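# Structure at a glance
So the chains spell out like this:
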Amino acid sequence: MQWIDIGVNLTHDSFGPDREAVIARARAAGVAQMIATGTDLASSAAAAALARAHPGVLFATAGVHPHHASQLHASDLPALRALLQQPEIVAGGECGLDYHRNYSPRAAQLQAFEWQLQLSADCGKPLFLHQRAAHEDFIAVLRSQRHRWSGVAHCFTGDAGELEQYLELGLSIGITGWFNDERRGSHLTALVARVPESRLLLETDAPYLLPRDLAPKPASRRNEPMYLPHIGAAVARARGESVESCAAHTSAHARALFGLESQAPV
Ligand SMILES: [Zn+2]
């Protein structure tokens, strides 16, 4: 059985001391391939370098998270385009809108999002999308360029209406360990069964979002990609399918959407 973690923040400082061990533990747990998330220019370049060091196993995204949108200037776009043209970069993002915290002003978020939609489409890369408390603007921006993109709504935590709109737009749905939190993720149990096999993806978003029902919990509270099968098992249960089937179709879809090589080197 093989799993693919489509969103892990492997360049995060908390992985500094033991990054290679984290990757090895994930692979030993059946996570055959991982996509390292880039959240600004520096972390995107670092994620690309990490991917180059683990060919066929690690891939990366290149983009600027809405939190950092005000740091993206027109003069940075050639550098972002150059990153997006690298073969180990399999998606544009993490990009999108986050009005929950508004770390960057909304106007800057919208500008950065539109630039990245354009660049990703120009470079033929799907999108790794983040949205929080900004659903209406997010959908409006995507609709305005609908013919140009494909991608995943990462860490989906929305309601039935949002799910329907995302599916209707052609987006895939990324499920994280948020799903395993009975306090705030329980509404997702019914929704995840409505996502077609051809649109469902799994991610840990590590080091964030440690699955709440993990036992025993690591003392560090740090999430790791090796816990992806734990999320997958819960998702399979909610969908009424076998764990094997869930691993197979989520991996096949990740490989198709992001163009990952079909077999990880042993
Ligand atoms: Zn995110």
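Refer to the structure presented above.
Summarised in this report is the structure supplied together with it.

Six octahedrally arranged donors around a metal ideally form angles of 90 or 180 degrees; four tetrahedrally arranged donors ideally form angles of 109.5 degrees. Within the protein, the zinc ion binds to Glu94 (OE), His130 (ND1) and His154 (NE2); these donor distances fall in the range 1.9 to 2.1 Å. Along the chain, the residues donating to the zinc ion are arranged with the sequence spacing E-x35-H-x23-H. Of this pair, histidine 130 sits in strand β5 (residues 127-132) while histidine 154 sits in the loop between β6 (151-153) and α6 (160-169), and the two are 24 residues apart along the sequence. As far as burial versus exposure is concerned, histidine 130 and histidine 154 are alike and both buried.

Counting 69 residues, the largest nonpolar core has Leu10, Phe113, Leu142 and Val235 as the members making the most contacts within it. Counting residues in hydrophobic clusters, the runner-up holds 13 residues, among them Ile6, Val90, Ala91 and Leu257.

Across the sheet, which stays open at both edges, the 8 strands sit in the order β1-β2-β3-β4-β5-β6-β7-β8 with parallel pairing between neighbours. Where the open sheet ends on each side, the last strands, each with one partner, are β1 (3-8) and β8 (200-202). When the angles between neighbouring strand axes are averaged without regard to direction, this sheet yields 30°. Of the strand pairs in this sheet, β5 and β6 are connected by 3 bridges, and their pairing is parallel. Across the sheet, the residue bridging to phenylalanine 128 is valine 152, located in β6. Docked against the sheet, α6 engages β5, β6 and β7 (172-175), running at close to 135° with respect to β7. Helix α8 (residues 228-239) contacts β1, β2 (31-36), β7 and β8 of the sheet and is inclined by roughly 110° relative to β1.

Moving on, we get to the packing of aromatic side chains. Across all of its chains, the model carries 3 aromatic pairs by this definition. Where phenylalanine 113 meets phenylalanine 138, the ring centres are 5.6 Å apart and the plane angle is 5°; that geometry is what we call stacked. With phenylalanine 113 in helix α4 (residues 106-122) and phenylalanine 138 in helix α5 (residues 135-144), this residue pair connects regions lying 25 residues apart in the sequence. With relative accessibility at 0%, the residue phenylalanine 138 sits in the buried group. Centroid distance phenylalanine 156 to tyrosine 166: 5.8 Å. Interplanar angle 75°. Geometry classified as edge-to-face. Residue phenylalanine 156 is found in the loop between β6 and α6, and its partner tyrosine 166 is found in helix α6; the two are separated by 10 residues along the sequence. Across the pair, tyrosine 166 and phenylalanine 156 agree in class, each one buried. By the ring-pair criterion, three or more aromatic residues cluster together here, those being Phe113, Phe138, Phe156 and Tyr166. The side chain of arginine 184 reaches across the aromatic face of tryptophan 178, ending 3.7 Å from its centre.

With that out of the way, let us pick up the packing of α5 against α6. Two elements in contact, α5 and α6, have axes whose closest approach is 11 Å; the angle formed by their N-to-C orientations is 10°. Considering the angle they form, α5 stands roughly parallel to α6. Here His135, Phe138, Ile139, Leu142 and Arg143 of α5 come into contact with α6, specifically with Glu162, Gln165, Tyr166, Glu168 and Leu169. When the residues that make up the contact of α5 with α6 are grouped by side-chain class, the tally is 5 nonpolar, 2 polar and 3 charged.

Glancing now at α4. Helical periodicity: at 3.6 residues per turn, an α-helix aligns residues three or four positions apart in one direction. Between its first and last C-alpha atoms α4 spans 24 Å; for 17 residues at 1.5 Å apiece the expected length is 24 Å, and the two agree. Of the residues making up α4, those classed as buried are Ala108, Gln109, Ala112, Phe113, Gln116, Leu117, Leu119 and Ser120. Where α4 is buried, its residues touch α3 (77-84), β4 (89-98), β5 and α5.

Calculation criteria
- Residues numbered from 1 in each chain as written.
- Predicted model: local features only at pLDDT ≥ 70, side-chain atom pairs only at ≥ 80, totals over all residues.
- Heavy atoms only, no water.
- Donors = N, O, S within 2.8 Å, 3.2 Å for Na, K, Ca; no water.
- Helix = DSSP H or I, 4+ residues; strand = E, 2+ residues; numbered from the N terminus.
- Buried < 20%, exposed > 50% of the residue type's maximum accessible area, 1.4 Å probe, protein only.
- Core = buried A, V, L, I, M, F, W, Y, C linked by side-chain atoms within 4.5 Å.
- Pairing = 2+ DSSP bridges.
- Axes fitted to C-alpha atoms, helices over the stretch in contact; angles between N-to-C directions.
- Contact = heavy atoms within 4.5 Å.
- Phe/Tyr/Trp six-rings, centres within 6.5 Å; stacked < 30°, edge-to-face > 60°.
- Lys NZ or Arg CZ within 6 Å of the ring centre and 35° of its normal.
- Parallel < 35°, antiparallel > 145°, perpendicular 65-115°, else oblique.
- Nonpolar A, V, L, I, M, F, W, Y, C, P; charged D, E, K, R; others polar.
- Expected span 1.5 Å × (residues − 1).

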